[in-house]
Amino acid sequence: RRRFPDRLPRYADAYAENRQSGMPKAAYRTGLERKIGRIPDDGGIPSMIPHGVYRELLSLPDSVFVLLAHMQSLYAARGVQTGPLKAAADRYAAWLSAERTALRRKRSLPGPGVPFPVTSILEERLRERPFAELCGNVRLGALVDRIVRDGAVFDYPGLSLGK
């Protein structure tokens, strides 16, 4: 605000949707990705916080949500059609939102000795069923299951799983 007041409206517009992932609006992000292309990746500079970092900082359900959002950007930047990925991410987001809402309404959650009971229950539910059932995408389901169950990490520059 102080140093660049003329840029404030552009930032306000780019982040007007206040997304959970912290990403700007898709239209802005796509335009920016076209402009800069793969420069950061080619130079070894991460353009997003790597999965291996934020997966340790966020709950499992939230880190999966962010990963799906990041994957859409990463694949779109390489010219890959992301419609099926977006549809799967939307289904997961709807499931996650509905589960959170239902759990918050319950009166029988674990007592004060259990920190973040809603998060703990969501993590358990995410681990106990195939992700493909939640997202409707078998290929993505297999990838996320390896992340959830085996602790695999998604490598952004290589668009592949590592450990």
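The sections below set out a description of the structure shown in this document. (Residues numbered from 1 in each chain as written. Predicted model: local features only at pLDDT ≥ 70, side-chain atom pairs only at ≥ 80, totals over all residues. Heavy atoms only, no water.)

**Quick word on the nonpolar core**
Ranked by internal contacts, the top residues of the largest apolar core, which has 35 residues, are Leu 68, Tyr 92 and Phe 154. With nine residues, helix H5 (residues 60-77) is the largest single contributor of residues to this core. Apart from the residues lying within four places of it in its own chain, the contact partners of Leu 68 are Leu 85, Ala 89, Tyr 92, Phe 131, Leu 140 and Val 144. (Core = buried A, V, L, I, M, F, W, Y, C linked by side-chain atoms within 4.5 Å. Buried < 20%, exposed > 50% of the residue type's maximum accessible area, 1.4 Å probe, protein only. Helix = DSSP H or I, 4+ residues; strand = E, 2+ residues; numbered from the N terminus. Contact = heavy atoms within 4.5 Å.)

**Observations regarding the side chain of Asn 137**
For Asn 137, the location among the structural elements is in the loop between helix H8 (131-135) and helix H9 (138-150). A polar contact is formed between the side chain of Asn 137 and the backbone nitrogen of Arg 139, at a distance of 3.2 Å. Setting aside residues up to four positions removed in sequence, Asn 137 forms contacts with Pro 84, Ala 88 and Ala 132. (Polar contact = N/O pair within 3.5 Å; in protein donor to acceptor, adjacent residues only side chain to side chain.)

**Quick word on the packing of aromatic side chains**
Applying the stated criterion across every chain yields a total of three aromatic pairs. An angle of 25° between the planes, with centres 5.9 Å apart, marks the rings of Tyr 92 and Trp 95 as stacked. In this pair, Tyr 92 and Trp 95 both sit in helix H6 (residues 83-105), three residues apart, roughly one turn of the helix. Across the pair, Trp 95 and Tyr 92 agree in class, each one buried. Three or more aromatic residues link up through ring pairs in this structure, and these residues are Tyr 92, Trp 95 and Phe 131. The lysine or arginine in question, Arg 7, covers the ring of Phe 4, its NZ or CZ lying 4.3 Å from the ring centre. (Phe/Tyr/Trp six-rings, centres within 6.5 Å; stacked < 30°, edge-to-face > 60°. Lys NZ or Arg CZ within 6 Å of the ring centre and 35° of its normal.)

**Things to note about H6**
The terminal C-alpha atoms of H6 lie 33 Å apart, and with 23 residues this matches the ideal 33 Å at 1.5 Å per residue to within 8%. Those residues of H6 not exposed but buried are Leu 85, Ala 88, Ala 89, Tyr 92, Trp 95, Leu 96, Glu 99, Arg 100 and Leu 103. Packing partners of the buried residues in H6 comprise H5, helix H7 (117-128), H8 and H9. (Expected span 1.5 Å × (residues − 1).)

**Quick word on H9**
Between the first and last C-alpha of H9 there are 17 Å, a value that for 13 residues agrees with the 18 Å anticipated at 1.5 Å per step. Taken as a whole, H9 has its buried residues at Leu 140, Gly 141, Leu 143, Val 144, Asp 145, Ile 147 and Val 148. Taking the backbone nitrogen of Arg 139 as reference, a side-chain oxygen 3.2 Å away marks Asn 137 as the first, capping residue of H9. One or two positions beyond H9, positive phi appears at Gly 151, with a value near 75°.

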